[in-house]
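Examining the three-dimensional arrangement
This is what each chain is made of:
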Amino acid sequence: MLNFSDQFFGSQFVGTTSETAPELTIRHADFATSILAYTENYWGGATVDHLMKISSVLKTDYRYSGMRYNVFGGAKFITKKKLRNKNNESIHAAFNYRYQSKIHQLDLGAYYYKNPLIFGLWYRGIPVGNTYASSDAIIFLLGIKNRNYSFNYSYDMSLGGLISRTGGSHEISVVYSFSNPNALVLKKRHAALPCPEI
């Protein structure tokens, strides 16, 4: 028996998958919707995936993933300003709540930015009324940001039984931002969105 990645929600086995064997192929459309509100220092939003699950045909099909709900948000707090660079030192706090197939997961985290260094700490998988036991993890992040690019290293340390088997996981990312530093002098319709950034 094969298990696919979309059958797992965190460390929990959901049991449904969108994968089908060739002789059982079923084609159908799927939809998702989301909303986002933001300012220069605050953001929040929500997403609903697998909207076709409300279909009278698919809602009883065990092979089709159940609807998934996400609510997320955060805030940026500037702790020190310089006359020409208001983003010299700041703290970012954020959360992401997910619900699917009676499984709840809440991630809480924060970043501290002091030019050019970034330090981050997340606690992933806080159980909130879960039917099944959850395997939580702590995520550490260290990065360097300079103008339009950043280099980050993160380490996921599982708090459940996986830590003794996997030793956690490592990730390295290189991010380049195409934002225009002169966007404020351009026409309003071409200006960059005022989203918080590290």
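Now for a look at the structure at hand. All values reported here derive from a predicted model rather than from experimental measurement.

So, the pattern of salt bridges
Applying the stated criterion across every chain yields a total of four salt bridges. The partner of R98 in a salt bridge is D107, and the shortest N-O contact between them spans 2.7 Å. You can call R98 partly exposed: its relative accessible area is 21%. Since its relative accessible area comes to 6%, D107 is described here as buried. Salt-bridge contacts for D156 lead to R124; the nearest nitrogen and oxygen are separated by 2.9 Å. One end of the pair, D156, is in strand 10 (residues 149-158); the other, R124, is in strand 8 (residues 117-126), with 32 residues separating them in the sequence. R124 sits in the partly exposed class, given a relative accessible area of 28%.

Focus: the pairing of strand 4 (residues 42-49)
The sheet contact formed by strand 3 (residues 33-38) and strand 4 spans six bridges and is antiparallel. By the bridge assignment, Y38 is partnered in strand 4 with W43. Remark: three residues form the turn of the hairpin made by strand 3 and strand 4, two consecutive strands paired antiparallel.

Calculation rules
Residues numbered from 1 in each chain as written. Predicted model: local features only at pLDDT ≥ 70, side-chain atom pairs only at ≥ 80, totals over all residues. Heavy atoms only, no water. Salt bridge = Lys/Arg side-chain N within 4 Å of Asp/Glu carboxyl O. Buried < 20%, exposed > 50% of the residue type's maximum accessible area, 1.4 Å probe, protein only. Helix = DSSP H or I, 4+ residues; strand = E, 2+ residues; numbered from the N terminus. Pairing = 2+ DSSP bridges.

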